[in-house]
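Here is what each chain is made of, one letter per residue.
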Amino acid sequence: MDTTITITAYGPKAKKAVSAAFAEMRRVADLMNANDPASEVAYINQNAGIKPVKVSPETFELLKLSLHYSQLSVGAFDVTVRPLVELWGIGKKDNYVPSKEEIQQALKLVDYRKLVLNDQEQSVFLPVKGMGIDLGGAAKGYAADRARAVLQEYGVNSALVDAGGNIWTVGVRPDGEKWRIGIRHPRPEMGSKILAVLPAQDLTLVTSGDYERYFVKDDVRYHHIFDPRTGWPAQGVISATIVGTNGAEADILSTTVFVLGPKKGLALAAESGITKAIVVTPDLQVFTAGRDLPEMEFVNGEKEGKNQ
Ligand code: AMP
Ligand code: MG
């Protein structure tokens, strides 16, 4: 999943639990990684314009959730974004800015409204050759949910799953205190590495940032979260964090809010019943929505007074 994963667990079966949780995350990645030609998602994409593909219940469910948020955000999140991801190749091709024509061509193939999910058959169909599914904005959150579930099956009730921008806090620390989770400052070169600290118990935190995968050309930063309405990296947000209890949903929403921007994005997140959403704009303003979390500390003295 293109990231470093660390799992910390306590308890008599902690060692076995951690191995099993890693195996589980690997299993999910193998199902859902579009870059792996043997994955279910790659198989769906290979059969675009050819035939519907029957998939596992979990891939089907995550696609359903992704399609739901594609619809709710009217395509700011678009689970069929794959042609844009491939065209830009952020993190793969060096400093490649596609031409307007190339972007227009790719955009013709990005349209969640054409995705056919057949509940009865548990099948997925992309009707046009060249279309493609990309679960890069959702699968890590789902994998982290599964890691947490496996840890709990082993009786672990104190653990931390850290998968890059995706965190799961299981129970409390062995000393009985809540886990203290730092939300990364999107511009650490401005002085502080941490934007805010949240003491957390049985919560997931997911952050989408423009600093995760990007390149700079002529002083412009081109990152990996695209606005499917323009075909360019989304503007207006540099970091979006969702705090909640469902990692898959929080992951989808972090990407969605990033693309939609503070106003529309936070409204959508709040409607979705998440615990908290925190957005940072390019001028380093912080906007939040959701429940009051009095224990959350903003490191640079930012105030939580800017709720939308
Ligand atoms: P995240 O870091 O969770 O925000 O996910 C970013 C990843 O989601 C990218 O690397 C792409 O694979 C995928 N992606 C980029 N833009 C979008 C979008 N507008 N809708 C859905 N997925 C996207
Ligand atoms: Mg995401």
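Just above, that's the structure.
Summarised in this report is the structure supplied together with it. Note on numbering: residues in each chain are counted from 1, in written sequence order. To label them, take the chains in the order written and letter them from A, then take the ligands in the order written and number them from 1. In keeping with the model being predicted, local features are shown solely for residues with a pLDDT of at least 70 and side-chain atom pairs are shown and tallied solely at 80 or more, while totals for entire chains, interfaces and linings include all residues. With hydrogens and water stripped out, all remaining heavy atoms of the structure feed into the side-chain values.

**A word on the sheet that holds strand β1 (residues 5-9)**
Strands pair in a sheet through their backbones, by hydrogen bonds, and they do so in one of two ways: parallel or antiparallel.
Right, on to step 1. If DSSP finds at least two bridges between two strands, the strands pair. Strands here are runs of E lasting at least two residues and helices are runs of H or I lasting at least four, both read from the DSSP assignment and numbered beginning at the N terminus. Pairing in this open sheet of seven strands is antiparallel, and the strands run β1-β5-β6-β9-β14-β15-β16 from one edge to the other. This sheet does not close on itself; its edge strands, each paired only once, are β1 and β16 (286-290). Taking each pair of neighbouring strands and ignoring which way they run, the sheet shows an average axis angle of 10°.
Right, on to step 2. Sheet analysis places strand β14 (residues 239-244) next to strand β15 (residues 276-280), joined by five bridges and oriented antiparallel. Bridge pairing in β15 links valine 243 to lysine 276.
Right, on to step 3. A contact between two residues is defined here by any heavy atoms of the two lying within 4.5 Å. In this analysis an axis means a line fitted to C-alpha atoms, helices contributing only their contacting stretch, and an angle means the value between N-to-C directions, from 0 to 180 degrees. Strand contacts of helix α7 (residues 247-260): β6 (166-171), β9 (204-209), β14 and β15, with the helix running at about 30° to β9, the strand carrying the most contacts.

**Details of the pattern of salt bridges**
Right, on to step 1. By convention in these notes, a salt bridge is any Lys or Arg side-chain nitrogen within 4 Å of a carboxyl oxygen on Asp or Glu. Going through the model one piece at a time under the given rule, you end up with 15 salt bridges.
Right, on to step 2. Notably, a salt bridge pairs aspartate 119 with lysine 64, separated by 3.0 Å at the nearest N-O pair. On the criterion of sequence distance, the pair formed by aspartate 119 in the loop between β3 (116-118) and β4 (123-125) and lysine 64 in helix α3 (residues 57-72) is long-range, its members being 55 residues apart.
Right, on to step 3. Residue aspartate 119 is classed as partly exposed on the basis of its relative accessible area, which comes to 45%.
Right, on to step 4. One salt-bridge network, held together by shared partners, links Glu24, Arg27, Glu58 and Arg146. Burial classification: accessible surface area is computed with a 1.4 Å probe over protein chains only, and a residue below 20% of its type maximum counts as buried, one above 50% as exposed, and the rest as partly exposed.

**Observations regarding the coordination of the magnesium ion (ligand 2)**
Right, on to step 1. Water is absent from the atoms considered, so a metal site may look incomplete; donors are defined as N, O and S atoms within 2.8 Å of the metal, or 3.2 Å for Na, K and Ca. Protein coordination at the magnesium ion (ligand 2) comes from Gly137 (O), Asp251 (O), Asp251 (OD) and Thr255 (OG1), with a distance range of 2.0 to 2.7 Å.
Right, on to step 2. Donor residues for the magnesium ion (ligand 2), ordered by position in the chain, follow G-x113-D-x3-T. Of this pair, glycine 137 sits in the loop between β4 and α6 (139-153) while threonine 255 sits in helix α7, and the two are 118 residues apart along the sequence. By the burial criterion, glycine 137 is buried, and threonine 255 matches it.

**Concerning the site of ligand 1**
Right, on to step 1. A single heavy atom is enough: if one lies within 4 Å of a molecule or strand, its residue is considered near that molecule or strand. Around ligand 1, the structure places 18 residues, and the nearest of them are Asp134, Ser208, Phe226, Asp251 and Thr255.
Right, on to step 2. Here an oxygen atom of ligand 1 and a side-chain polar atom of glutamate 212 are 3.3 Å apart.
Right, on to step 3. In these tables, accessible area is a Shrake-Rupley quantity obtained with a 1.4 Å probe, and a residue counts as shielded only by the protein chains included in the view. The protein chains hide 94% of the 500 Å² of surface that ligand 1 would expose on its own.
Right, on to step 4. Examining the composition of the shell around ligand 1, we find that three residues originate from one element, α7, more than from any other.
Right, on to step 5. For this classification, Asp, Glu, Lys and Arg are treated as charged, while Ala, Val, Leu, Ile, Met, Phe, Trp, Tyr, Cys and Pro are nonpolar and the rest, including Gly, are polar. Grouping the amino acids of the shell around ligand 1 by side-chain chemistry returns eight nonpolar, five polar and five charged.
Right, on to step 6. A domain assignment, automatic or from a database, supplies the domain bounds used here. Looking at which domains feed residues into the shell around ligand 1, each of domain 1 (35-125) and domain 2 (178-298) gives three or more. Throughout this description, a polar contact denotes any pair of N or O atoms lying within 3.5 Å of each other; where both atoms belong to protein, one of them has to be capable of donating a hydrogen while the other can accept it, and for residues adjacent in sequence the pair is counted only when both atoms sit in side chains.

**Quick word on helix α5 (residues 100-107)**
Right, on to step 1. The complete set of buried residues in α5 reads Ile103, Ala106 and Leu107. Each buried residue of α5 lies within a common arc of 100° when the element is viewed along its axis, so the set occupies one face.
Right, on to step 2. The elements touched by buried residues of α5 are α4 (82-88) and β13 (232-233). The arc under discussion is defined with respect to the helix axis, by the directions toward the C-beta atoms.

**Things to note about the environment of valine 74**
Right, on to step 1. Among the secondary structure elements, valine 74 is positioned in the loop between α3 and α4.
Right, on to step 2. We classify valine 74 as exposed; its relative accessible area is 57%.
Right, on to step 3. Considered as a pair, valine 74 and glutamate 295 are 221 residues apart in the sequence and their alpha carbons are 34 Å apart.

**Considerations on the pairing of β9**
Right, on to step 1. Along β9, six of the six residues are buried, which leaves the element largely enclosed by surrounding structure.
Right, on to step 2. Taking every second residue as pointing to the same face, both faces of β9 are buried, with Thr204, Val206 and Ser208 on one and Leu205, Thr207 and Gly209 on the other.
Right, on to step 3. Here β6 pairs with β9 via three bridges, running antiparallel. Looking at β9, one finds that asparagine 166 is bridged to valine 206.
Right, on to step 4. As paired strands, β9 and β14 are joined by six bridges and run antiparallel to one another. Within β14, the residue paired with valine 206 across the bridge is isoleucine 242.

**Let's talk about helix α1 (residues 14-32)**
Right, on to step 1. The terminal C-alpha atoms of α1 lie 27 Å apart, and with 19 residues this matches the ideal 27 Å at 1.5 Å per residue to within 8%.
Right, on to step 2. Where α1 is concerned, the buried positions are Ala14, Ala17, Val18, Ala20, Ala21, Glu24, Met25, Val28, Ala29, Leu31 and Met32.
Right, on to step 3. On its buried side, α1 packs onto β1, α2 (40-46), α3, α6 and β5 (158-163). By definition here, a helix of n residues has an expected span of 1.5 Å times n minus one.

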